[in-house]
Structure formats: structure tokens, C-alpha cells
Amino acid sequence: MAKILVKQYAPFVILMVFAILALFVPLLPNFDEGKYSGPDIAFILIAAALVFLMTPGLAFFYGGMVHRKNVLSTMIKSVVAAGVITVLWTVVGFSLAFGDTIGGFIGNPSTFLFFKGVNSGAPHLQGGADLTIPLSLFAVFQLMFAIITPGLVVGAVAERIRFTSYILFIVLFAIFVYSPLAHWTWHPQGFLFKMGVLDFAGGTVVHISAGMAALAGALVLKRRKSHLEHQEVPPANIPYVLIGTGLLWFGWFGFNAGSALGANSLAVSAFLTTNTAAGAAGLSWMFFDVARGKKPSVLGFCIGAVVGLVAITPGAGFVSIPSSIFIGAIAAVVSNLVVSWKQKTSLDDTLDVFPCHGVGGIVGMLLTGVFATKTVNAAGADGLFYGNPTFFVTQLKGAVIVILFSFVVSFIIFKLVNLINPIRVSDEEEEIGLDASQHNEKYSQGTLLVNEKAAYVASNSPVQEAI
């Protein structure tokens, strides 16, 4: 009984403790308006809002592909990250990712504890160049990346993960996987940054980390009953997938172009490579399916477009626009083949997060090592295609390090969560669906109920006869 009460009250009590502690954070004056660029501030505010829009977009994208009885439970797992990660980022996450470095591996948690000093912080990170936007805006922009990353993992463990266990997972994932990777890759003193690894907008930090966590989660939670019995799970609402794809594509302009951190030509280049790669990948996935004897499908184009967005992310500001066509087209084919391979195995990654985000991110990182050029961004490096194999090897090393770290730590987190609170729902709860068993709610929009009597009446109506 005591254990049940602890589980019931713990989340609320922890939130209230943070809320009360926040009252005692010293107030500091706002930043000096004269230090910054007004156009850059406006642009990054818009970019941050666009990245936030990707989270409900992801909810529609995933929610449309699962079984009708699991739509709401899948969608809320993406959206709830906006609440959990926002509070966590403010309390300690931003400090862990971008605070004063501790050996290049993690930020000092006390640097920006409860956003202390962020509003009046110096316009640069430790050892980095000056920003043209306030540190507080940089922190908010980075928050949007931190929100969507654990939401990506949902697709791999959908239809069987307990909601409370998922909440605990994203807290631990943000602290022990996402924040360290953000520090390694994007902090000027991070060890991958200093090693020369280039990741413009999150190929490693967001997509490889989420993809490898998805693989770990699928292995720990094991297979759904429907997967064991080889049952076909019909998508609940394919128009939802189309809406989600559109929102993701739209938001990704903020994701990649905003990573230029200014209203400049680099942002324009990243915007164009993003759009081009997505278009090429959507077509590549669909046409590759046709070449293999399938029909062109709505889902195929949508999934392919997202893979293209994933693959261009690490190199959006480092590769040329023509190169982005190749990157999108090749990434879609590779991910498509991995999905086909996965379907022949016992791995139950519900919505193919590992093949699309994990593999797509890996392909993008490696192709950045091939096609990066200083012609686009003088802060970058020429890649293998331009005669510099050293940079390609650096990208390969960085990708391998992130793959191993993300998978191992995520696997441990899933196991730990399972020890604290059973991570998988019961067979009965899985059977009735997570919407009902986890949330006591039911998705019914767009349902068309037809019984024999209704069909008979319709077929004999005057309207039907006239038709």
C-alpha cells in the first residue's frame, strides 16, 4: 500500500518542490538590449516556435500510424515531453548541456541552476564566440530540441509502454543521454566539438541518440502480442500522418535554418538544403517502392520525406544544395532497405524509429563527412568528396562514439525504469488498448460504424436507388 501511495504522489510532490525552490532563485536584471542584433533575435524567436511546432506534428505523425485503440496514448507521449523537459531544462538541463564544462564531458549543473543568470548572462558560452542573440533566447531555442528528442523514441515502444514509466524514462534520458551529447557536440569545450566533429543541427544529439534509444527500448520491452501473432495493425488515420509530415517539414526549417543562430546567408543555405533533401527523399522512398513491385503510397512518401529531413540535419549548413539531393535520395533508400530487413526479424520497433531516425542520422553524419565544403560555411571543413578523407574519418569516429554511448546508456535506463516501475503494460491492458487502460479515454473521431441493418437501409433508400 505504501509503495502504491509513493508512486501515486511522487510526481506531483517533486513538481511542487521544484516550484517552491524556484521562488528562492535570485532575481537579476534583463540583458542589455544594445549588445544584440534585432533581426537575429526576431529570426531565432520564430525558429524556436517552428521547432516547438514539430512536437505536435510528431504526435500526429505517430498517432496516425498506430492502432485506433492507441492513438491518444501515443500522441500524448510526444506532447507531454513539452511539459516534462521544459521544467527539467530550466532546473538543470541547460546547465548540464551548456554550463561551464567539466572535462569536456558535461556542464556544471550549478552554472545555470533554475536558469540563474541566464537572462543577464554574457553573450557567449565558455570559450566560444559572442552570440548576436541573448543567452536566454539561445537557451529557449535549444530547449525545443531537447523536447522533441525523447518524443521520437515513442514510436519504437508504442502500444505497450506504461505512461508513468515513460515519464521517468524521458527524465533520465534527458539527464544522462541528451544533455551530455549536447555538451560534447555543441559546447565550444565539448570533446566531440574539439575533436572536429560537425553536427549542424542534431544528427548525433537528436536523431542518432533517439534512434539508438528506440532500439534499446524495443529490445527491453520485447514484442507486442500482435507482432508475435503476425497480425497486421491498420493505421488509425493516414490523413493524420500527412498533417504530421507537413508540420514536421514546416518546423524543420526552424530546426535547421535556425541553427545558423542568425538571420544570415548560412540560414538561407540550410533552409534550402533542408527542403531539397526532404523532397528528394520522399520521392526516392516512393519510387524505390514502385521499383520493387509495390504501389506508390501516402505513408511511403511521408516516411521518406522525414528520413530526408533527418539525414540532412547534421550537414544542413555544411553541404551544398545540389549535394542535398543525393543525401536525401540515398538516405531514403538505405532506411527503406533497413525497414525491409527489420520486418524479417523479431525486432518490434513499432514505427521504425531505429531504421528512420537512427540509420538516417548515421547516414547523414557520414555523408556530411563526404560532402561538407568550406564554400558553404567557412567554419566547416572540406569532406571526402573534396579531397579530405581525414574529416570523413572524424565524422565516422564521432558517429560510432554516439551510437555506442546512446545505446548502452539508454538500455541501462530502460532496465532501471523497469526495476522501479514495470515498464510494460499487462497483456489485458495491451489488449484493450493504452488509450483506455492508461488514460481512461477513447479516440472516436472519424469512426464510421456500419452494421447489417444500416447497410440494408442505405442500399434500399430512394437516394441509393436514384444513384
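Residues numbered from 1 in each chain as written. Predicted model: local features only at pLDDT ≥ 70, side-chain atom pairs only at ≥ 80, totals over all residues. Heavy atoms only, no water.

Student: Can you help me understand the overall build of the chain in this one?
Tutor: Looking only at helices and strands, one finds 18 helices and two strands in the chain. Judged by the C-alpha coordinates and their principal axes, the chain covers about 75 × 60 × 45 Å. Out of the 467 residues in the chain, the part that is buried amounts to 53%. If the 25 positive side-chain charges of the chain are averaged to one point and the 23 negative ones to another, these points end up 7 Å apart. (Helix = DSSP H or I, 4+ residues; strand = E, 2+ residues; numbered from the N terminus. Buried < 20%, exposed > 50% of the residue type's maximum accessible area, 1.4 Å probe, protein only. Lys, Arg positive; Asp, Glu negative; His and termini not counted. Charge placed at Lys NZ, Arg CZ, Asp CG, Glu CD.)

Student: Sorry if this is basic, but what is going on with the side chain of R162 here?
Tutor: For R162, the location among the structural elements is in the loop between α4 (135-157) and α5 (163-186). Classification of R162 as buried rests on a relative accessible area of 19%. Excluding anything up to four places from it in sequence, R162 contacts N421, P422, I423, R424, V425, S426, E429 and Q438. (Contact = heavy atoms within 4.5 Å.)

Student: Got a minute to help me understand the pattern of salt bridges in this structure?
Tutor: Side chains that carry opposite charge are capable of pairing whenever their charged atoms lie near each other. Applying the stated rule across the entire model yields seven salt bridges. Where R162 meets E429, a salt bridge forms, and the shortest distance between an N and an O atom there is 3.7 Å. You can see R162 sitting in the loop between α4 and α5 and its partner E429 sitting in helix α15 (residues 427-432), a full 267 residues away along the chain. Residue K342 is joined to D352 by a salt bridge in which the shortest nitrogen-to-oxygen separation is 2.5 Å. Separated by 10 residues along the polypeptide, K342 in helix α12 (residues 321-342) and D352 in the loop between α12 and α13 (353-371) bring together distant segments of the chain. Judged by relative accessible area, D352 falls into the buried class, the value being 14%. (Salt bridge = Lys/Arg side-chain N within 4 Å of Asp/Glu carboxyl O.)

Student: What exactly am I supposed to notice about the environment of A260 here?
Tutor: Position of A260 relative to the elements: it lies in the loop between α9 (238-257) and α10 (265-291). Judged by its relative accessible area of 14%, A260 is buried. For the pair A260 and A201, spaced 59 residues apart in sequence, the C-alpha separation works out to 8.8 Å. Not counting chain neighbours up to four residues away, the residues in contact with A260 comprise F200, L266 and A267.

Student: Help me out: how do you make sense of the UniProt feature "domain: Ammonium transporter AmtB-like" (unreviewed entry) in the chain in this one?
Tutor: As annotated by UniProt and renumbered to match this structure, "domain: Ammonium transporter AmtB-like" (unreviewed entry) occupies residues 42-442. Taken end to end, residues 42-442 comprises 68% helix and 1% strand; its first and last C-alpha atoms sit 40 Å apart. (UniProt positions renumbered as here; feature names shortened; annotations may be inferred.)

Student: What's the story with a nonpolar patch on the surface in this structure? I'm lost.
Tutor: Side chains of Y9, F12, V13, L15, M16, V17, L21 and V87 sit close together on the surface and give an oily, nonpolar patch of about 700 Å² of accessible area. Relative to the elements of secondary structure, L15 occurs in helix α1 (residues 2-22). (Patch = residues over 30% accessible without salt bridge, like charges linked within 9 Å, V, L, I, M, F, W, Y side chains within 5 Å. Areas by Shrake-Rupley, 256 points an atom, 1.4 Å probe, with all protein chains shown as cover.)

Student: Can you walk me through helix α2 (residues 38-63) in this structure?
Tutor: The terminal C-alpha atoms of α2 lie 38 Å apart, and with 26 residues this matches the ideal 38 Å at 1.5 Å per residue to within 8%. Considering bend angle alone, the principal kink of α2 is centred on P56 and spans about 25°. (Expected span 1.5 Å × (residues − 1). Bend = angle between axes of the 7 residues up to and from the residue.)

Student: I'm lost on the side chain of R224 in this one. Help?
Tutor: Tracing the backbone through its elements, the reader meets R224 in the loop between α7 (203-221) and α8 (225-228). Take R224: its relative accessible area is 7%, and that puts it in the buried class. What R224 contacts, discounting residues up to four positions off in sequence, is A158, E159, R160, V233, D348, T350, R424 and E430.

Student: What am I meant to see in unusual backbone geometry here?
Tutor: For residues that are not glycine, phi is negative in most cases, and the peptide bond is trans in most cases. One non-glycine residue, F115, lies in the positive phi region at around 60°. Looking at the element boundaries, F115 is found in the loop between β2 (106-107) and α4. Of note, the phi angle at L261 is positive, near 60°, even though the residue is not glycine. With respect to the element layout, L261 can be found in the loop between α9 and α10. The class of L261 is partly exposed, set by a relative accessible area of 22%.

Student: Even after reading the chapter, I still don't get the environment of F392, so can you show me in this structure?
Tutor: Considering the arrangement of structural elements, one finds F392 in helix α14 (residues 389-420). Sequence separation between F392 and S444 is 52 residues, and the spatial gap between their C-alpha atoms is 50 Å.

Student: Any chance you could explain the nonpolar core here in plain terms?
Tutor: As a rule of thumb, soluble globular proteins bury nonpolar side chains together. Among the nonpolar cores identified, the biggest contains 138 residues, and F61, Y62, F94, F169, Y178, F255 and F414 are the most heavily contacted of them. At 16 residues, the largest contribution of residues to this core is made by α4. Excluding residues that lie within four positions of it along the chain, Y178 makes contacts with W89, Q142, F145, A146, T149, F173, W186, V205 and V206. (Core = buried A, V, L, I, M, F, W, Y, C linked by side-chain atoms within 4.5 Å.)

Student: Sorry, what's going on with the packing of helix α11 (residues 298-312) against α13 here?
Tutor: Think of two packed helices as two axes; the pair is described by the angle between the axes and how far apart they sit. Remark: α11 packs on α13, axes separated minimally by 8 Å, with the N-to-C direction vectors making an angle of 45°. Classified by the angle between their axes, α11 and α13 sit oblique to one another. Relative to α13, α11 is oriented so that their crossing is right-handed. Where α11 abuts α13, its residues I303, V306, V307, V310 and A311 lie against C356, H357, G360, G361 and G364. For the contact of α11 with α13, the per-class residue count stands at six nonpolar, four polar and no charged. (Axes fitted to C-alpha atoms, helices over the stretch in contact; angles between N-to-C directions. Parallel < 35°, antiparallel > 145°, perpendicular 65-115°, else oblique. Left-handed = near helix turned anticlockwise from the far one by under 90°. Nonpolar A, V, L, I, M, F, W, Y, C, P; charged D, E, K, R; others polar.)

Student: Explain the packing of aromatic side chains to me, please; I cannot follow it from the model alone.
Tutor: Two aromatic rings, taken as a pair, are described by how far apart their centres are and by the angle between their planes. Applying the stated rule across the entire model yields 27 aromatic pairs. Ring centres 5.3 Å apart and planes at 50° place the aromatic pair F371 and F385 in the tilted group. Linking F371 in helix α13 with F385 in the loop between α13 and α14, this pair joins segments that are 14 residues apart in sequence. F371 sits in the buried class, given a relative accessible area of 9%. A relative accessible area of 56% places F385 in the exposed class. Ring centres of F407 and F411 lie 5.9 Å apart, and the angle between their planes is 35°; this geometry places the pair in the tilted category. Of the two residues, F407 and F411 both sit in helix α14, four residues apart, roughly one turn of that helix. Relative accessible area serves as the criterion here: at 23%, F407 is assigned to the partly exposed category. One aromatic cluster is present, built from ring pairs that chain together W89, F94, F98, F112, F115, F138 and Y178. (Phe/Tyr/Trp six-rings, centres within 6.5 Å; stacked < 30°, edge-to-face > 60°.)

Student: Help me understand the packing of α2 against helix α3 (residues 71-98) in this model?
Tutor: Between α2 and α3, the least distance of the axes is 8 Å, while the angle of their chain directions is 165°. As the angle between them shows, α2 and α3 are arranged roughly antiparallel. The interaxial crossing formed by α2 with α3 has right-handed handedness. Contact residues: α2 offers F52, T55, L58, A59, F60, Y62 and G63, while α3 offers V71, T74, M75, S78, V79 and A82.

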